[in-house]
Amino acid sequence: MIKMESYDTIIIGAGVVGMATGMYSGRLNLKTLVMGTTSGSELPIGGVITLTDSVENYPGFKHLTGMELAKKMEEHALEYGISIKEEKALEISKEKDTFMVKTDKEEYSSKTVIFATGAKWRELPMPGAKQFENKGVHYCALCDGAMFASKNVAIIGGSDSAAKEALLLAQYAEKVYVIYRGDKIRPEPVNAKLVEKNEKIEVITNTNVTEILGEVMVNKIILDKEYDGKTELDVSGVFGAIGHIPLSDLAKGLGADINEKREIKINRDSETNIPGVFAAGDVVDSGFKQAITGVGEGVVAAHSAYQYIKKKEVQ
Ligand SMILES: Cc1cc2nc3c(=O)[nH]c(=O)nc-3n(C[C@H](O)[C@H](O)[C@H](O)COP(=O)(O)OP(=O)(O)OC[C@H]3O[C@@H](n4cnc5c(N)ncnc54)[C@H](O)[C@@H]3O)c2cc1C
């Protein structure tokens, strides 16, 4: 019989939150496995932060790329003898006080589980979005922006991420329309100023894109109200930045409480309602989602997992 590897804690998700959680749990001498997906449309090790070329609000670093931050965190975590594996968790169950984690490659057991599964981007809903996916409809400016050198593109969304994507695209494109259904886009003040100053970026508010048109590739979008006397804009690319859907299905399957936004509910100790199960980062029900806030929740989760295990040992 093959012996199953067992851990003190298994962290599902190898974004910055999974990595920081792993680093702390390694320092607490917990036998730790961090697992993250890498293939297909899934995010690479390092997670969603690797998709931005500019992080300027992570304490201790005035400026670095998302990939650099993720790499630093991975190296730091590995200092403490933890394992990071490129595997996808498919099923998690609880048998008495032990969690069984089945992945696409192996099966493991663990005393605790920490969810740091993040979120996936919400797909654009209008006609044409699916048809032209990767043929002018995209979700990552860093990955696909260079295709639109000297062309017109549109970003749909009004968040800080949307503004950052617009600034990145403006490095290549001729013109970048930021189209938002609300009254005012909501970037961080620093990014709002950069958007305002950038002559290539035009912000169109109170407007919805109702259709994406093209032949082989995108060539036009239709607006639900006139802009500059027209309801059509000639663009070669459309980037979606309309939010994220938390990847909480595995936690839900295990019995974790999930809210109406599909976020895992946690308390201030990063505990879920299930003893021995913790969560942190973009997948949880916190209002402000940034690398630093998720990392903070993850560090608390690692400490809570440590305390849970210690208490069990004396019971
Ligand atoms: C364009 C953009 C720019 C941003 N800029 C900034 C910024 O400048 N500063 C800042 O602080 N924040 C920024 N953010 C937000 C920040 O990136 C996130 O809040 C943070 O990276 C979330 O980390 P996470 O580890 O919770 O999730 P993620 O990074 O999404 O990582 C989760 C990981 O879990 C993996 N996973 C999911 N399910 C499974 C499974 N079943 N098995 C194994 N692995 C699984 C995923 O593949 C992924 O790799 C930005 C976000 C975007 C989109």
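Since the structure is predicted, the reported quantities are computational estimates derived from the model, not experimental observations. In every chain, residue numbers begin from 1 and rise along the written sequence. Two thresholds apply to this predicted model, a pLDDT of at least 70 for residue-level local features and 80 or more for giving and counting side-chain atom pairs, whereas whole-chain, interface and lining totals are computed over all residues. With hydrogens and water excluded, all non-hydrogen atoms of the structure serve as input to the side-chain values.

Asks: Explain the packing of helix H1 (residues 16–27) against helix H2 (residues 66–78) to me, using residue names and the numbers behind them.
Replies: Two elements in contact, H1 and H2, have axes separated by 8 Å at closest approach and are oriented at 25°. The pairing of H1 with H2 is recorded here as roughly parallel in orientation. In this structure, H1 meets H2 at a crossing whose hand is left-handed. Where H1 abuts H2, its residues Val16, Met19, Ala20 and Met23 lie against Ala70, Met73, Glu74, His76 and Ala77. Axis lines are fitted to C-alpha atoms, over the contacting stretch for helices. Their N-to-C directions set the angle, which ranges from 0 to 180 degrees. Counting from the N terminus, the helices are DSSP H or I runs at least four residues long and the strands are E runs at least two residues long. Angles below 35 degrees are treated as roughly parallel, those above 145 as roughly antiparallel, those between 65 and 115 as roughly perpendicular, and all remaining angles as oblique. Handedness of a crossing follows from how the near helix is turned relative to the far one, being left-handed for an anticlockwise turn of less than a right angle and right-handed for a clockwise one. We call two residues in contact whenever any of their non-hydrogen atoms come within 4.5 Å of each other.

Asks: Give a description of the environment of tryptophan 121 that names residues and reports values.
Replies: When you line up the elements, tryptophan 121 lands in strand S7 (residues 119–121). With a 1.4 Å probe rolled over the protein chains alone, any residue whose accessible area is under 20% of its type maximum counts as buried; one over 50% counts as exposed, and the rest are partly exposed. With a relative accessible area of 27%, tryptophan 121 lands in the partly exposed category. For the pair formed by tryptophan 121 and cysteine 140, sequence separation is 19 residues and the distance between their alpha carbons is 9.6 Å.

Asks: Give a detailed account of the sheet that holds strand S13 (residues 218–227), specifying residues and quantitative values.
Replies: Reading across from one edge, S12-S13-S14 is the order of the 3 strands in this open sheet, with antiparallel pairing throughout. At either margin of the open sheet sits one strand with a lone partner, and together these are strand S12 (209–214) and strand S14 (230–233). Neighbour to neighbour, the strand axes of the sheet diverge by 25° on average, direction disregarded. Pairing between two strands requires that DSSP report at least two bridges joining them.

Asks: Give me the lowdown on the site of the ligand, citing residues and values where you can.
Replies: Around the ligand, 35 residues are found, and the nearest of them are Thr37, Val48, Asn57, Lys164 and Asp282. Separating an oxygen atom of the ligand from a backbone N or O atom of valine 17 is a distance of 3.2 Å. For this analysis, a polar contact is any N or O atom pair within 3.5 Å, provided that within protein one partner can donate a hydrogen and the other can accept it, and provided that sequence-adjacent residues contribute only side-chain to side-chain pairs. The contact in question runs from an oxygen atom of the ligand to an N or O atom on the side chain of threonine 37, over 2.5 Å. Throughout, the Shrake-Rupley method with a 1.4 Å probe supplies accessible areas, and for residues the shown protein chains are the sole cover considered. Protein contact buries 94% of the 1,000 Å² of open area that the ligand shows by itself. Broken down by element, the shell around the ligand gets its largest block of residues, 3 residues, from helix H4 (residues 160–169). Ten residue types, Ala, Val, Leu, Ile, Met, Phe, Trp, Tyr, Cys and Pro, are classed as nonpolar, four, Asp, Glu, Lys and Arg, as charged, and the remainder, Gly among them, as polar. A class-by-class count of the residues in the shell around the ligand yields 16 nonpolar, 13 polar and 6 charged. The cutoff for a nearby residue is simple: one of its non-hydrogen atoms must lie within 4 Å of the molecule or strand.

Asks: Any chance you could break down the state of the cysteines for me, citing the residues and the numbers?
Replies: To count as a disulfide, a pair of cysteine sulfur atoms needs to be within 2.5 Å. For the coordinates displayed, the defined rule picks out 1 disulfide. Sulfur-sulfur distance for the disulfide between cysteine 140 and cysteine 143 comes to 2.1 Å. In this structure the cystine formed by cysteine 140 and cysteine 143 twists about its S-S bond by roughly 75°; its chirality is therefore right-handed. Judged by relative accessible area, which is 3%, cysteine 140 ranks as buried. Residue cysteine 143 is classed as partly exposed on the basis of its relative accessible area, which comes to 48%.

Asks: Just give me the short version of the pattern of salt bridges, but keep the residues and values in it.
Replies: Any two side chains of opposite charge can pair, given that their charged atoms come close. For this analysis, a salt bridge means a side-chain nitrogen from Lys or Arg found within 4 Å of a carboxyl oxygen belonging to Asp or Glu. This structure, assessed with the given rule, holds 11 salt bridges. Residues glutamate 123 and lysine 130 are paired through a salt bridge, measuring 3.3 Å at the closest nitrogen-oxygen approach. For glutamate 123, a relative accessible area of 42% gives the class partly exposed. Look at lysine 130 and you get exposed, because its relative accessible area is 57%. A single network of salt bridges, built from pairs that share partners, joins Glu123, Lys130 and Glu133.

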